[in-house]
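Working through the structure, step by step
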Amino acid sequence: MAAEQQNELKTQQMEENKEKSIDESLGLEILQIIKDSQQQHGLRHGDYQRYRGYCSRRLRRLRKTLGFKMGNRHKFTGKKVTVELLSDNRHLLLVLMEAERAWSYAMQLKQESNTEPRKRFHLLARLRKAAKHGEQLEKLCESSHVDAKTKLEAQAYTAYLNGMVQFELQEWKSAMEAFNKCKTIYEKLASAFTEEQAVLYHQRVEEISPNIRYCAYNIGDQNAINDLMQMRLSAGGGGGMMAEKLEALITQTRAKQAAVMSEVEWRGRIVPVKIDKARIFLLGLADNEAAIMQADNEETKERLYESLLAECRDTIQAVREELRTDVQKQRERAADGADSGKVSNLQYLHSYLTYIKLWTVVRRNESMAHALQAKLKEPQTDENKRGPRPQDLIRLYDIILQSLSELSSLQGLEEDHTFQKEVALKTLVYKAYRCFYIAQSYVLVKKWSEALVLYERVLKYTREVQSKAKSLNNSLKDLPDVQELIAEVNAEKYSLQAAAILDTDDVAEVPPQQQIKDTMPLSDRLDNFRLDPTLLSKQPNLVQFPPDFQPIPCKPLFFDLALNHVAFPPLDDKVEQKGKGGITGYFKGFFGFGS
C-alpha cells in the first residue's frame, strides 16, 4: 500500500509540473534565430552546404536533449512533434531546424543546377519539404500555449516558404499572394515593437519586395520592370535565386529593345551595331549612368561603377573577337589594292566602347577623389587610426592621367582635332589637381620651398586651362572647377609663407646634419664661423692627422747627365775574328788541336 501511494504521489507531481509548464506561454524568436544561424554558419558567403550541415548537427543535439529519438540504430521509427508534446519551446525549434535544413539543401541544389539541370527536380522536392515543415510549425503554434508573436512569425515564415515553392514553379499569382501575406505580417510586427527590434523585420520586407515586383511583372504589370531595374541598380536586387532572375529579366528586356536598335552615332559618325551584346550594353548605358547619378552614398556609387566597367569589358571582348576576322579581311583587301586608310565601322565601334570604359574610369576615380577630399578636410578624432593622406589622391589622379593618355591615342580619332583639344584640356585640369596634392604632401614634411614651386606650377596649369577653355566651354561641364583650385592655392601660398617664417624647428635641425656630413678640420676653415660642439669634446677635429702626402722635386742623378759625354774604349781585340783558316781551321777546332 505504501508503495502504491508513493507512485500516485509521483504521478500527481509529474502532472502538476506538466500543467505548470503548459500554463506558461511558449515563445520562439523565429526570424531572429534564422538570421543569426545563417550569418554565423555559412550564408554570409553563400555556403548553403555548410549551413545545411549545421542544421543537421543542431537537430541531432535537440533530439538527444529532448529524448526525442527516431528509433534506434537498427530500425528507424518516424516520429512527429504534436501539440500534446509541447512542453518546451525547443520542440518548436526542432521543427524549425527541419524546415531550414530542407530549405538550405534546396538552395544548394539551386546553385548546382546551373551546370546540372537534372538537379532542378530534387530542388523542387526539397522546397516542398521545407514548406511542409513550415506548415507543421504553423499548426503547432496555433496551440493556446504559444504566444501571439510566435504565431505571427510562424505564419509569415510558412508564407515565405510557400511563396518560394510557387515562385520556382512559376505560379506567379500564387507566389505573389504568399509573398504579400508574408510582407504584411512582418510590417505589422515591425509597427508593434521598438525601432531596434523592428530593424530585422524591415530587412525581411526589403528582401521580399523584389520577388513581389517580379511576380507582378510576369502577371502583366509592365510598370514593374522599372522598379525592378531601380532595385537592381540601387540596392543590388534580391539575394539567391532572385538576383539571377533579375539579371535574366533585365537582359531579356534589353534584348527585345536591341532588336530594334541598329546603329549608334558618335563624334559625327553613324556606326552600325550588329553584335547583340554591344546593343544590349549601349541600351542599358543610360540607365546605369542615371542610377549612378541618383546613388545615395559613395559606396553604392562605387559598386555601380564597378558593375558598369565589368559589363563594358565583356562587351569590348566580344567586339574584339569579331574584330579579328575583320582585320583579316582588311589585310586581304589591302593586298588586292583596295583603299585601307579609313577605319572600319567595327574598329570605330571598338574605339567608342573603349572611350566609354576609359571615361568611366576617370569619373570613378574622380568620385573617389571627391570623397577623399571631404575626409581630408575633416578633423581627425582618432590618432591611432590612419586617415586619408594627399598621397592617396596623387595615386587616383595618376590613374586618371593614364586613362586620358590612352583616350588621345584611340584609333580613328587621330585627326579629330576637337577631340584631341578636349582631351588635352582635361589633362591640364587633372595635372593641376595632381600637382596641388603633391605640394600638399611636401607641406606635411615641411619642405616649404618645394611646395611653393609646385603651387606656382598649379597656377601655371590653371592659366593654361583658362586660356584654352574659351573655345571649348562645353568640355568644362564634366570637369572640376579650376576657380576653386586657384582660390585654394592662393590661400595655401600665404599660409605656407607664414608657416615657413614661424617654423624654427627645422632651422635648428639643419646645422647638426651639416656638421655630421662635414669632416673639415678647424685649421682648414678658420675664415668661416660655425658653431661646432665637437670642438669642446675629448676628440676635437682641429687638424688633419696624419697629414696628406705632398709632392717634392727629385734629387738629380749626375752620372745620368754625364753619360752623353763619356767615350768608351775600343773592344776590337776582344771580338773573335770569324772565317779565318778555312776548312783546316775547322778540323783543328773539331779535334782540339787549335785550342
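Thresholds, definitions, all that
- Residues numbered from 1 in each chain as written.
- Predicted model: local features only at pLDDT ≥ 70, side-chain atom pairs only at ≥ 80, totals over all residues.
- Heavy atoms only, no water.
- Salt bridge = Lys/Arg side-chain N within 4 Å of Asp/Glu carboxyl O.
- Buried < 20%, exposed > 50% of the residue type's maximum accessible area, 1.4 Å probe, protein only.
- Helix = DSSP H or I, 4+ residues; strand = E, 2+ residues; numbered from the N terminus.
- Polar contact = N/O pair within 3.5 Å; in protein donor to acceptor, adjacent residues only side chain to side chain.
- Contact = heavy atoms within 4.5 Å.
- Phe/Tyr/Trp six-rings, centres within 6.5 Å; stacked < 30°, edge-to-face > 60°.

**Some thoughts on the pattern of salt bridges**
Counted under the stated rule, the structure contains 14 salt bridges. R90 is paired through a salt bridge with D88; the nearest N and O atoms lie 2.7 Å apart. Residue R90 is classed as partly exposed on the basis of its relative accessible area of 32%. Two residues, E306 and R364, come together in a salt bridge whose shortest N-O distance is 2.7 Å.

**Here's the deal with the environment of A374**
Along the chain, the position of A374 falls in helix 13 (residues 345-377). Spatially, the C-alpha atoms of A374 and P388 are 9.8 Å apart, while their sequence positions differ by 14 residues.

**Quick word on the side chain of T150**
With respect to the helices, strands and loops of the structure, T150 is situated in helix 6 (residues 148-168). Reaching out from T150, the side chain makes a polar contact with the side chain of D147 at a distance of 2.4 Å. Among all residues touching T150, those that are not within four sequence positions of it are L26, G27, L28, I30, L92 and C141.

**Re unusual backbone geometry**
The omega angle of the peptide bond from F545 to P546 is -5 degrees, so this bond is cis rather than trans. Positioned with a positive phi, K446 is a non-glycine residue whose angle comes to about 65 degrees. Turning to its location among the elements, K446 is positioned in the loop between helix 15 (417-444) and helix 16 (448-468). With a relative accessible area of 39%, K446 lands in the partly exposed category.

**Notes on the environment of R303**
When you line up the elements, R303 lands in helix 12 (residues 298-335). Assessed through its relative accessible area of 36%, R303 is described here as partly exposed. Along the primary structure R303 and I292 are separated by eleven residues, whereas in three dimensions their C-alpha atoms are 9.2 Å apart.

**Let's talk about the packing of aromatic side chains**
For the structure shown, the criterion picks out 18 aromatic pairs. Summarising the aromatic geometry, the rings of Y397 and Y437 are spaced 6.1 Å apart at their centres and angled 15 degrees between planes, so their arrangement reads as stacked. Here Y397, found in helix 14 (residues 390-408), pairs with Y437, found in helix 15; they are 40 residues apart in sequence, far enough to count as distant. Each member of the pair, Y397 as well as Y437, carries the same accessibility label: buried. Taken together, a centroid distance of 6.0 Å and an interplanar angle of 45 degrees make the contact between F436 and Y455 tilted.

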